[in-house]
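Structural overview
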Amino acid sequence: MSWMYQRDEVEITVEPKQEDRPDIDQFSLTCTPLQKAETTLRLIRSQGFERVMIFCNTKHMCQRLCDEYQRAGLDCDCIHGDIRQSQREKTMQRYREGKLAVLIATDVASRGIDVDDVDCVINYDIPEENEYYVHRIGRTGRAKKKGVAWSIVSNFPEKAKLDEICKFCNFTIAPMVLGEDNTLTPEEVKAPPAPKRRFR
């Protein structure tokens, strides 16, 4: 298509300026798969976030998490591909107006969301594509405000994927520990054991 319709085409690439990059602190929390929903809920409530976006990789998980959090009394709703467009627009309007504290979404359903004052983005599921991570956390830290992004890690494949994202995007994601009293402390990263010397 490009070859047929374009003549003397020119590609223009604009390099991002350092001062234009959003100011986003990035953290991760490690827990077991069974603790994932509870850990995320504790994080939201203990940190006092007023407007949060939670991202899931599938429609099923998005709806399941929303139902669970609504039963727990959290002011939340969700948008995904199985929800009618009219209902999605109503949910988004409530979120934009500050009448909804937590929005749970899939990557596809969240396209086009433009809300400036999102306090925190939470990756409930680690995204399958590196670019999705950049798009997700870019929902916070807008209009020169400080943003926070959290990734909830519950198994080795998710940890490996998050490490790949760090390398690909040149990000620093600080691992943290959420204590029983809901205090956050840096996780002690253990150095790999020294290789054993073999004697012949």
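Residues numbered from 1 in each chain as written. Predicted model: local features only at pLDDT ≥ 70, side-chain atom pairs only at ≥ 80, totals over all residues. Heavy atoms only, no water.

Some details on the confidence of the model for the protein
Where we set the bar: pLDDT is a per-residue confidence score from the predictor, ranging from 0 to 100. Secondary structure elements follow DSSP: runs of H or I no shorter than four residues count as helices, runs of E no shorter than two count as strands, and numbering proceeds from the N terminus. Any two residues whose heavy atoms approach within 4.5 Å are treated as being in contact.
In the predicted model, the protein carries a mean pLDDT of 87, and the fraction of residues at 70 or more is 87%. At the level of individual helices and strands, the protein shows its lowest average pLDDT in helix 1 (residues 2-5), which scores 68, and its highest in helix 3 (residues 59-71), which scores 97. A low-confidence stretch, residues 16-20 stays under pLDDT 50, and its non-local contacts, those more than four residues away or across chains, total zero contacts.

Some details on helix 3
Stated formally: A helix is expected to reach a length of 1.5 Å times the quantity of its residues less one. For the exposure calls, accessible area comes from a 1.4 Å probe over protein chains only, and a residue counts as buried if that area is under 20% of its type's maximum, exposed if over 50%, partly exposed in between. To be clear, the arc concerns the directions from the helix axis to the C-beta atoms.
Spanning 13 residues, helix 3 covers 19 Å between terminal C-alpha atoms, matching the ideal 18 Å at 1.5 Å per step. Every buried residue of helix 3 is accounted for by Met 61, Cys 62, Leu 65, Cys 66 and Tyr 69. Viewed along the axis of helix 3, the buried residues span an arc of 130°, placing them on a single side of the element. What points out from helix 3, more than 90 degrees from its buried face, is the exposed set His 60 and Arg 71. Each element contacted by the buried residues of helix 3 is listed here: helix 2 (36-47), strand 2 (52-56), strand 3 (76-79) and strand 4 (102-106).

Considerations on the pattern of salt bridges
So the rule is basically this: By definition here, a salt bridge exists when the distance from a side-chain nitrogen of Lys or Arg to a carboxyl oxygen of Asp or Glu is within 4 Å.
Overall, the coordinates contain 11 salt bridges when judged by the stated rule. In this structure, the salt-bridge partner of Arg 94 is Asp 77, at a minimum N-O distance of 3.6 Å. One end of the pair, Arg 94, is in helix 4 (residues 85-96); the other, Asp 77, is in strand 3, with 17 residues separating them in the sequence. What makes Arg 94 partly exposed here is its relative accessible area of 33%.

Some details on the packing of helix 5 (residues 130-137) against helix 6 (residues 156-169)
This is how it is decided: Lines are fitted to the C-alpha atoms to define the axes, a helix being fitted only along its stretch in contact, and any angle between axes, read from their N-to-C directions, falls within 0 to 180 degrees. For classification purposes, angles smaller than 35 degrees are called roughly parallel, those larger than 145 roughly antiparallel, those between 65 and 115 roughly perpendicular, and all remaining angles oblique. Each residue receives one of three labels: charged for Asp, Glu, Lys and Arg, nonpolar for Ala, Val, Leu, Ile, Met, Phe, Trp, Tyr, Cys and Pro, and polar for the others, Gly being one of them.
Following both chains from N to C, one finds helix 5 and helix 6 inclined at 80°, their axes separated by 9 Å at the closest point. Taken together, helix 5 and helix 6 sit at an angle that is classed as roughly perpendicular. Every residue of helix 6 that contacts helix 5 at Asn 130, Glu 131, Tyr 133 and Val 134 is listed here: Lys 161, Leu 162, Glu 164, Ile 165, Phe 168 and Cys 169. Counted by class, the contact of helix 5 with helix 6 contains six nonpolar, one polar and three charged residues.

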